[in-house]
Amino acid sequence: GWIDSPAAFAATVALMGTGQLRAVAADPAAQVDLVPVDEVSERIVAATIGPPAASESGAPEILHAVAGRAGQVSVEQCRATILDFFTRHRAGRGPQLRHLGPVGLGFALREALHQELPVRAAALLHGLRGRPRQRAALLAAAERLALVNRSFAYFTHHSFDFRSSRPLAPDFDGGAYL
């Protein structure tokens, strides 16, 4: 399904690519299950026009589409692909990723140094210069960046072996899709 959230993958990509997200809480070896929304939509349409599906017990069948182990990409591959793309197709300041690593004291220090303190210092400066709107925007940005790492960390530290009731094509390449 589509997750419209500031902590969803597309927001993480945009924040990382524009240089706002500089510290990412993640295990580089963790696998991410990315599924094109058109693949999910195709399965929804097929389920609505086909005969009603029921499980062996007669209860309605829950259908889902995932990439599964074969189509997953590592967090490290996501990082490399995002940085490469936004380096070639600059948006904003371009990627400024300084650290990608697991949650812990080391990450907290790097997140504070590379992300939290610079944004809060800029907000303080705008406040001192009598620019309340810019100050508020920066403080909101600081919260949004922290939210990404708090909300998405569970999924960037674990690999999942989802089984699809409607598998993607065997030649689906998660890396190419990314």
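Just so it is clear, the model here is predicted, and its values are computed rather than measured.

Engineer: Tell me about the overall build of the protein chain, and please be specific about residues and values.
Structural biologist: Summing up its helical and strand segments, the protein chain has seven helices and four strands in all. Each helix and strand of the protein chain, placed in order from N terminus to C terminus, yields the pattern α-β-β-α-α-β-α-β-α-α-α. For the protein chain, the spread of C-alpha atoms along the three principal axes comes to 65 × 35 × 30 Å. Expressed as a percentage of the 178 residues in the protein chain, the buried residues total 34%. Counting contacts in the protein chain only where the partners sit at least 6 residues apart, residues at least 24 apart contribute 83% of the total. With 18 positive and 16 negative side-chain charges, the protein chain shows a separation of 17 Å between the mean positions of the two kinds.

Engineer: I'd like to hear about helix H6 (residues 132–157), residue by residue, with values.
Structural biologist: Here H6 is 26 residues long and its end C-alpha atoms lie 37 Å apart, about the 38 Å a rise of 1.5 Å per residue gives. The sharpest bend along H6 reaches about 40° and sits at Ser151. For H6, the full list of buried residues reads Ala141, Ala142, Leu145, Ala146, Val148, Asn149, Phe152, Ala153 and Thr156. Tucked into the core, H6 has its buried residues touching helix H1 (9–17), strand S1 (23–25), helix H4 (75–88) and helix H5 (105–128).

Engineer: Could you give an account of the packing of H1 against H4, with specific residues and numbers?
Structural biologist: The contact between H1 and H4 brings their axes to 9 Å, and the two run at 50°. What the angle tells us is that H1 and H4 run oblique. As H1 packs across H4, the resulting crossing turns out to be right-handed. Of H4, the residues touching H1 (which contributes Phe9, Val13, Met16 and Gly17) are Cys78, Ile82, Leu83 and Phe86. Taken together, the residues that form the contact of H1 with H4 break down as seven nonpolar, one polar and no charged.

Engineer: Describe the packing of aromatic side chains, and please don't skip the residues or the numbers.
Structural biologist: Applying the stated criterion to the full structure yields seven aromatic pairs. Here the aromatic rings of Tyr154 and Phe160 are separated by 5.8 Å at their centres, their planes lie at 45°, and the arrangement is tilted. A relative accessible area of 46% places Tyr154 in the partly exposed class. Plain terms: the ring middles of Phe172 and Tyr177 are 6.1 Å apart, the flat faces sit at 45° to each other, and that makes the pair tilted. We classify Phe172 as buried; its relative accessible area is 16%. Put simply, the rings of Phe152, Tyr154, Phe155, Phe160 and Phe162 pair up and form one aromatic cluster.

Engineer: If you had to explain the environment of Phe152 to someone new, which residues and values would you point to?
Structural biologist: Looking at where Phe152 falls in the secondary structure, it is placed in helix H6. Exposure remark for Phe152: the relative accessible area of 17% places this residue in the buried category. As a C-alpha pair, Phe152 and Ala25 span 127 residues in sequence and 8.2 Å in three-dimensional space.

About the criteria used
Residues numbered from 1 in each chain as written. Predicted model: local features only at pLDDT ≥ 70, side-chain atom pairs only at ≥ 80, totals over all residues. Heavy atoms only, no water. Helix = DSSP H or I, 4+ residues; strand = E, 2+ residues; numbered from the N terminus. Buried < 20%, exposed > 50% of the residue type's maximum accessible area, 1.4 Å probe, protein only. Contact = heavy atoms within 4.5 Å. Lys, Arg positive; Asp, Glu negative; His and termini not counted. Charge placed at Lys NZ, Arg CZ, Asp CG, Glu CD. Expected span 1.5 Å × (residues − 1). Bend = angle between axes of the 7 residues up to and from the residue. Axes fitted to C-alpha atoms, helices over the stretch in contact; angles between N-to-C directions. Parallel < 35°, antiparallel > 145°, perpendicular 65-115°, else oblique. Left-handed = near helix turned anticlockwise from the far one by under 90°. Nonpolar A, V, L, I, M, F, W, Y, C, P; charged D, E, K, R; others polar. Phe/Tyr/Trp six-rings, centres within 6.5 Å; stacked < 30°, edge-to-face > 60°.

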